[in-house]
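Understanding the architecture of this molecule
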Amino acid sequence: MATLSIRRSGITELTRVDIVRFVSKTAESVEKVAQAKSPKDTGKLSRSIKAGKTRVRGFQVRAKVSTKTRYGLYPEIGTGIYGPTGRVIKPKSKPFLVFKPRGSGHLIRVKSVKGQPGQHYMKRSLLSVIAALG
């Protein structure tokens with residue numbers, strides 16, 4: 001999820017409508033860039049990235065860009081030793097993790113995996129849109 005907030009000190013020359021329009025357009029830009037930068041195994045993650053409605057509360061204007069997939073956060077922040085827990089991934093109820101690697105015709109059985117580093121596609125998208133603003 002990426003959030004852009006403009007505080008009261010930054011709105012002296014802008015009208016409320018201009019600010020809402022600016023935040024909405026920025027969120028739409030982040031959505032498009034995030035769709036392009038996201039991992040594309042099946043395309044489901046990319047297709048699920050959407051900018052939400054722009055919301056105004058007092059002097060804050062916010063728009064959220066997020067994904068509806070249950071796994072969208074994992075490629076963003078990383079898993080296993082690369083993620084927030086910093087631990088290898090082990091099976092919870094069986095002796096092995098079993099999976100079929102992409103492009104392989106056979107199953108692999110392992111006692112643990114390191115996980116995957118975060119790709120930070122949402123963060124990179126937000127930063128690239130902000131950099132393009134000027």
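Data block above holds the structure.
These notes cover the structure that comes with them. (Residues numbered from 1 in each chain as written. Predicted model: local features only at pLDDT ≥ 70, side-chain atom pairs only at ≥ 80, totals over all residues. Heavy atoms only, no water.)

Here we take up the packing of aromatic side chains. Any pair of aromatic rings gets described here by the distance separating the centres and the angle formed by the planes. Applying the stated criterion across every chain, the model contains zero aromatic pairs. One Lys or Arg, Arg109, reaches over the ring of Phe96 and ends 4.1 Å from the middle of that ring. (Phe/Tyr/Trp six-rings, centres within 6.5 Å; stacked < 30°, edge-to-face > 60°. Lys NZ or Arg CZ within 6 Å of the ring centre and 35° of its normal.)

The first and last C-alpha atoms of helix H4 (residues 121–133) sit 19 Å apart over 13 residues, in line with the 18 Å expected at 1.5 Å per residue. Within the sequence span of H4, burial applies to Tyr121, Met122, Ser125, Leu126 and Val129. Seen end-on, H4 carries its buried residues on one side only, within an arc spanning 135°. Across H4 from its buried face, at more than 90 degrees, point the exposed residues Lys123 and Ala131. Note on H4: the residue one or two positions beyond its end, Gly134, has a positive phi of about 140°. (Helix = DSSP H or I, 4+ residues; strand = E, 2+ residues; numbered from the N terminus. Expected span 1.5 Å × (residues − 1). Buried < 20%, exposed > 50% of the residue type's maximum accessible area, 1.4 Å probe, protein only. Arc of directions from axis to C-beta.)

Glancing now at the packing of helix H1 (residues 16–37) against H4. Look at H1 against H4: their axes get within 8 Å of each other, and the N-to-C directions meet at 130°. Between H1 and H4, the angle falls in the class oblique. The chirality of how H1 crosses H4 is right-handed. Note on element contacts: H4 touches H1 through Tyr121, Met122, Arg124, Ser125, Leu126, Ser128, Val129 and Leu133, opposite Phe22, Thr26, Ser29, Val30, Val33, Ala34 and Lys37. Residue classes in the contact of H1 with H4 are distributed as nine nonpolar, four polar and two charged. (Axes fitted to C-alpha atoms, helices over the stretch in contact; angles between N-to-C directions. Parallel < 35°, antiparallel > 145°, perpendicular 65-115°, else oblique. Left-handed = near helix turned anticlockwise from the far one by under 90°. Contact = heavy atoms within 4.5 Å. Nonpolar A, V, L, I, M, F, W, Y, C, P; charged D, E, K, R; others polar.)

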